[in-house]
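# Notes for the structure review
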Amino acid sequence: MSYVPPAELARAMVDAGHSKVLTSTRDTLIRAFMGGALLTLAAAFAVTVTVQTGNALLGAALFPVGFCLLYLLGFDLLTGVFTLAPIAYLDRRPGVTIGAVLRNWGLVFVGNFAGAFTVAVIITFVLTYGYSIPPNDVAEKLMHIGEGRTLGYAEHGAAGMATLFLRGVLCNWMVSTGVVAAMMSKHVTGKVLGMWMPIMLFFYMGFEHSVVNMFLFPSGLLLGADFTIADYLVWNEIPTVLGNLVGGLVFVGLAIYTTHVRARPKRAAVEIAPARETETV
């Protein structure tokens, strides 16, 4: 399936980061909006499958369809640009400054949130016939997710905050691995296979993805869940964003860039002289 070796893959990552940073404001916002919308539609699908079948693994196994579609269509997620944009800066690509990287992150965040929130409004409206009937089983699940993953962390104080942050780290370690794995092939089948497993893993393990949460928690609030916007921001979104940044940048972007773009020279081979035979007297 036309395998791309690591050194070539690393250069493709830098090229992708360079391209994303230089993309126009309009196009960045459109691509981020659509990325957030497609990913969160897949999240709604996965929650529905889980509730209706009682099988969380099946829901997680089907969730990557949204990620694969948005990647193949060239849309953007905050988790992806956290990984790719900084390595273009480290590679000293023209026009890539710290300000340009931060601008890209800000635009993608806004676009992702707009797309995810749009899906949240539409899905909750559909589930409740315009908020005119009580929440059904799927809507109840969305409410419980929002409560458990805000107030549930808050109950544990600092340990809860650390757990939330680390789940964000693990999430984007996997999600960005999926982004990079897609670049290892030049064919659609290979790209999809490369993306599927790490995305399924993060969703099934309950790791925290900032963009997915932009759908889950507003959905819960729209449905009347028992937590506040401040709970959502402090006890989920902000720590998750920071964890996603660390996970994608440190464990994927910097790791691959350091060892495959700025690799140290190989050690020189040292010939070992054959041992002399001991003379006998």
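The present account deals with the structure reproduced in this document. Quantities reported herein were computed from a predicted structural model and do not represent experimental measurements. Per chain, residues are indexed from 1 in the order of the written sequence. Whole-chain, interface and lining totals are the exception, using all residues; otherwise, since this is a predicted model, local features are given only for residues with pLDDT of at least 70 and side-chain atom pairs are given and counted only at 80 or more. To obtain the side-chain values, all non-hydrogen atoms of the structure were included, while hydrogens and water were left out.

Secondary structure elements follow DSSP: runs of H or I of four or more residues count as helices, runs of E of two or more count as strands, with numbering from the N terminus. A tally of regular secondary structure across the chain gives twelve helices and zero strands. Reading the chain from its N end, one meets helices and strands in the order α-α-α-α-α-α-α-α-α-α-α-α. With the principal axes as the frame, the chain shows a C-alpha extent of 100 × 50 × 40 Å. Throughout this description, buried means an accessible area under 20% of the type-specific maximum (1.4 Å probe, protein chains only), exposed means over 50%, and partly exposed covers the range between. Here the chain holds 281 residues, and 48% of them are scored as buried. Residues count as neighbours in contact if any of their non-hydrogen atoms are within 4.5 Å of one another. At a minimum sequence separation of 6, the contacts of the chain that also span at least 24 residues come to 84%. In these tables, accessible area is a Shrake-Rupley quantity obtained with a 1.4 Å probe, and a residue counts as shielded only by the protein chains included in the view. Entry remark: accessible area of the chain is about 14,000 Å², with carbon and sulfur atoms responsible for 67%. Between the mean site of the 17 positive side-chain charges and the mean site of the 16 negative ones, the chain shows a separation of 12 Å. Positive charge is attributed to Lys and Arg, negative charge to Asp and Glu, and no charge count is given to His or to the chain ends. Working definition for charges: the position is that of NZ of Lys, CZ of Arg, CG of Asp or CD of Glu.

Next up on the list: the pattern of salt bridges. The salt bridge definition used is simple: a Lys or Arg side-chain nitrogen within 4 Å of an Asp or Glu carboxyl oxygen. Applying the stated criterion across every chain, the model contains seven salt bridges. A salt bridge links D91 to R11; its shortest N-O distance comes to 3.0 Å. Taken together, the residues span a long stretch of sequence, with D91 in the loop between α5 (78–90) and α6 (98–127) and R11 in helix α1 (residues 6–22) at a distance of 80 residues. Using a relative accessible area of 18% as the deciding quantity, one classes D91 as buried. A salt bridge links K20 to D76, with the nearest nitrogen and oxygen atoms 2.5 Å apart. Of this pair, K20 sits in helix α1 while D76 is found in the loop between α4 (64–72) and α5, placing the two residues 56 residues apart along the sequence. One salt-bridge network, held together by shared partners, links R11, D15, D91 and R93.

A few words now on the nonpolar core. Counting 73 residues, the largest nonpolar core has F63, F202 and F215 as the members making the most contacts within it. Beyond its immediate chain neighbours, meaning those up to four positions away, F63 contacts L39, A42, A43, A46, I199, F202, F203 and V212. We define the nonpolar core as a collection of buried residues of types Ala, Val, Leu, Ile, Met, Phe, Trp, Tyr and Cys that are connected through side-chain atoms lying within 4.5 Å of one another.

The next subject is α1. When the terminal C-alpha atoms of α1 are compared, their 25 Å separation across 17 residues agrees well with the 24 Å that a helix rising 1.5 Å per residue should span. When we look at burial in α1, the residues that qualify are L9, A10, M13, V14, A16, G17, H18 and V21. Looking at the packing, one finds that the buried side of α1 touches α5, α6, α9 (157–182) and α12 (229–260). The span you would expect from a helix comes to 1.5 Å times its residue count less one.

Any two packed helices are characterised by how steeply their axes cross, that is the angle between the axes, and by the distance between the axes. Orientation is described by lines fitted to C-alpha atoms, with helices fitted over the stretch in contact, and by angles between N-to-C directions that extend from 0 to 180 degrees. Axis separation between α9 and helix α10 (residues 188–204) bottoms out at 7 Å; the angle between their running directions is 175 degrees. Classified by the angle their axes make, α9 and α10 are roughly antiparallel. Of α10, the residues touching α9 (which contributes C171, M174, V175, T177, G178, A181 and A182) are K191, G194, M195, P198, I199, L201 and F202. Across the contact of α9 with α10, the residue classes tally to ten nonpolar, three polar and one charged. Note that the term roughly parallel is reserved for angles under 35 degrees, roughly antiparallel for angles over 145, roughly perpendicular for angles of 65 to 115, and oblique for everything else. When residues are grouped by polarity, Ala, Val, Leu, Ile, Met, Phe, Trp, Tyr, Cys and Pro land in nonpolar, Asp, Glu, Lys and Arg in charged, and all others, Gly among them, in polar.

This part covers the side chain of T28. On the secondary structure map, T28 appears in helix α2 (residues 25–53). You can call T28 buried: its relative accessible area is 0%. For T28, the side chain forms a polar contact with the main-chain oxygen of T23, separated by 3.4 Å. What qualifies as a polar contact is a pair of N or O atoms within 3.5 Å, subject to a donor-acceptor requirement within protein and to the restriction that residues adjacent in sequence count only when both atoms come from side chains. One polar contact links the side chain of T28 to the main-chain carbonyl oxygen of S24, over a distance of 2.8 Å. The contact partners of T28, leaving out residues within four places of it in the chain, are K20, T23, N104, L107 and V108.

With that settled, the discussion passes to the side chain of T240. Note that T240 resides in helix α12. Setting aside its immediate chain neighbours within four residues, T240 contacts L164, G168, E208, H209, S210 and N213.

The subject of this paragraph is the state of the cysteines. Cysteine sulfur atoms are paired as a disulfide whenever they come within 2.5 Å of each other. Counted according to the given criterion, the structure contains zero disulfides. The thiol of C68 is unpaired, and the distance to the nearest cysteine sulfur, on C171, comes to 15 Å.

Interpretation in functional terms is not warranted from these geometric data alone.
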